[in-house]
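A closer look at the structure
Okay, here's what each chain looks like letter by letter:
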Amino acid sequence: MRSPAPAALGLLLLLLLPPPPAEAARKATPCKRCRELVDKFNQGMVDTAKKNFGGGNTAWEEKSLSKYESSEVRLLEITEGLCGSSDFECHSLLEEHEGHLEAWWLRLKKDFPDLFEWFCVKTLKVCCSPGTYGPDCLACRGGSQRPCGGNGQCSGDGSRQGDGSCQCHLGYQGATCSDCTDGYFSSLRNETHSVCTACDESCKTCTGPSNRDCGQCAVGWAQEGGACVDVDECAADTPPCGDQQYCVNANGSFLCEECDSTCVGCTGKGPGHCKECVPGYTKESGQCADVDECAGPEKACTRQNENCYNTPGSFVCVCPEGFEDTEDACVQTQAPGGEVAEGDPTWQPSREDL
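Residues numbered from 1 in each chain as written. Predicted model: local features only at pLDDT ≥ 70, side-chain atom pairs only at ≥ 80, totals over all residues. Heavy atoms only, no water.

Per an unreviewed UniProt entry, the protein goes by the name protein disulfide-isomerase and belongs to Mustela putorius furo. For the record of the protein, the UniProt heading Subcellular location (unreviewed entry) holds the text "Endoplasmic reticulum". On record in UniProt, under Sequence similarities (unreviewed entry), the comment for the protein is "Belongs to the CRELD family." (UniProt positions renumbered as here; feature names shortened; annotations may be inferred.)

Have a look at this one:
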């Protein structure tokens, strides 16, 4: 038997292997990995803040072996807990830059208390300070103190990526997110701050919060008496809904709801708002009610021995038990008392019949 070709074998292995998880496919950026390592280091400092050397004479140990607070023993305890056993990238980053962390811990911590700024921004140069972006850590639009005027997100903020442009929050627009979009008005604006507040729902544009401050009315609203008021679409000469629907007005819009199943056309919800009733129903006390065809003066079921049963909007005709359904009548197939009727094929005359 011939063995499969190497190319075919490789393809087979690819098909059998499970696809990589989505999270693994989105590889973390160098800045994110550095930030995560610093966050874990800072947490390690918190976790070891109240510890000491663990001996019986803490005062002697601190005097003779230097304080635990800034000791290499504490540094070792912190670094040992930084990476999970299967976190290869964390272990790789720590192994590559463990010397930097040791130097900061033993000699530079007092002069550079912000580990992220010293380690990720100044030393490894994989991140930027907040409010700056890109390879050269330039200030975001609007300045690094309040990027995008505080009303948006700076592209690449805090990283060595992005272009510094602003993605504005809802209601804001412009290069630095200082202008208001349609549906919002400027309620505060000075050299440093811009606040956009939502217009009244009746306004497309406005200069203030009420329906009298509209520059233009929104769709479904119209100017009336100096204010934007709701248009009642349901009162139009040509109804906006179908023949088997009724219209419900809403602020700036309308809804089409289905008529009751007993109606032929309607003006509202339920059988009490029918224009006319469907066959099998009639108006009673102002609403469409079922007609009991079986209780009428004329028999609804006309065949001999036939029973009538009323149903919603109709009726059914059924032969009683012991009777056979034929085209013209219900024929008895079993006499009272369980005897076979004379019309049945299995009937045989008794002595009394002879």
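The structure having been displayed, the exposition proceeds.
Counting its secondary structure elements, the protein contains seven helices and 22 strands. In the protein, which comprises 354 residues, the proportion classed as buried is 28%. Per element, the accessible surface of the protein, about 23,500 Å² overall, is 52% carbon and sulfur. (Helix = DSSP H or I, 4+ residues; strand = E, 2+ residues; numbered from the N terminus. Buried < 20%, exposed > 50% of the residue type's maximum accessible area, 1.4 Å probe, protein only. Areas by Shrake-Rupley, 256 points an atom, 1.4 Å probe, with all protein chains shown as cover.)

Moving on, we come to the nonpolar core. Side chains of nonpolar character tend, in soluble globular proteins, to be buried together. In terms of nonpolar packing, the biggest core is built from 23 residues, with Leu-37, Phe-41, Leu-82, Leu-101, Leu-115, Phe-119 and Cys-120 touching the most fellow members. Secondary-structure elements contributing two or more residues to this core are α3 (30–47), α5 (72–80), α6 (88–108) and α7 (115–123). Not counting residues within four places of it along the chain, the set of residues in contact with Phe-41 comprises Leu-75, Ile-78, Thr-79, Leu-82, Leu-101, Trp-104, Trp-105 and Leu-115. If you look at the next biggest cluster of nonpolar residues, it comprises nine residues, including Phe-185, Cys-203, Ala-218 and Trp-221. (Core = buried A, V, L, I, M, F, W, Y, C linked by side-chain atoms within 4.5 Å. Contact = heavy atoms within 4.5 Å.)

Moving on, we get to the environment of Gly-226. Positionally, Gly-226 belongs in the loop between β11 (221–224) and β12 (227–230). Judged by relative accessible area, which is 47%, Gly-226 ranks as partly exposed. Each C-alpha atom of the pair Gly-226 and Cys-214 lies 9.1 Å from the other, and the pair is 12 residues apart in sequence.

Moving on to a negative patch on the surface. On the surface, Glu-72, Glu-95, Glu-96, Glu-98 and Glu-102 cluster together into a negatively charged patch. Of all the elements, α6 adds the most residues to the negative patch, at four residues. As for its placement among the helices and strands, Glu-102 is situated in helix α6. Look at Glu-102 and you get partly exposed, because its relative accessible area is 34%. (Patch = residues over 30% accessible without salt bridge, like charges linked within 9 Å, V, L, I, M, F, W, Y side chains within 5 Å. Salt bridge = Lys/Arg side-chain N within 4 Å of Asp/Glu carboxyl O. Lys, Arg positive; Asp, Glu negative; His and termini not counted. Charge placed at Lys NZ, Arg CZ, Asp CG, Glu CD.)

Turning our eyes to something else, we now look at the pairing of strand β19 (residues 307–311). In this sheet, strand β20 (residues 314–318) lies alongside β19 in antiparallel orientation, the contact comprising five bridges. Paired with Cys-308 across the strands is Cys-317, a residue of β20. Between β19 and β20, which pair antiparallel one after the other, the connecting turn spans two residues, and Gly-313 there sits at a positive phi close to 80 degrees. (Pairing = 2+ DSSP bridges.)

Evaluated as defined, the whole model comprises five salt bridges. With a closest N to O distance of 3.7 Å, Lys-40 and Asp-87 form a salt bridge. Of the two residues, Lys-40 sits in helix α3 while Asp-87 sits in the loop between α5 and α6, which places them 47 residues apart along the sequence. Exposure remark for Asp-87: the relative accessible area of 28% places this residue in the partly exposed category.

So, about the state of the cysteines. Structurally, a disulfide amounts to a covalent bond that connects the sulfur atoms of two cysteines. Going through the model one piece at a time under the given rule, you end up with 19 disulfides. Here Cys-199 is linked by a disulfide to Cys-206, with a sulfur-sulfur distance of 1.9 Å. On the sign convention where negative means left-handed, the S-S torsion of about -85 degrees between Cys-199 and Cys-206 marks this disulfide as left-handed. Cys-199 gets classed as buried once you look at its relative accessible area, which sits at 12%. Note on Cys-206: relative accessible area 11%, which makes it buried. Between the sulfur atoms of Cys-203 and its disulfide partner Cys-214 the distance amounts to 1.8 Å. (Disulfide = S-S within 2.5 Å.)

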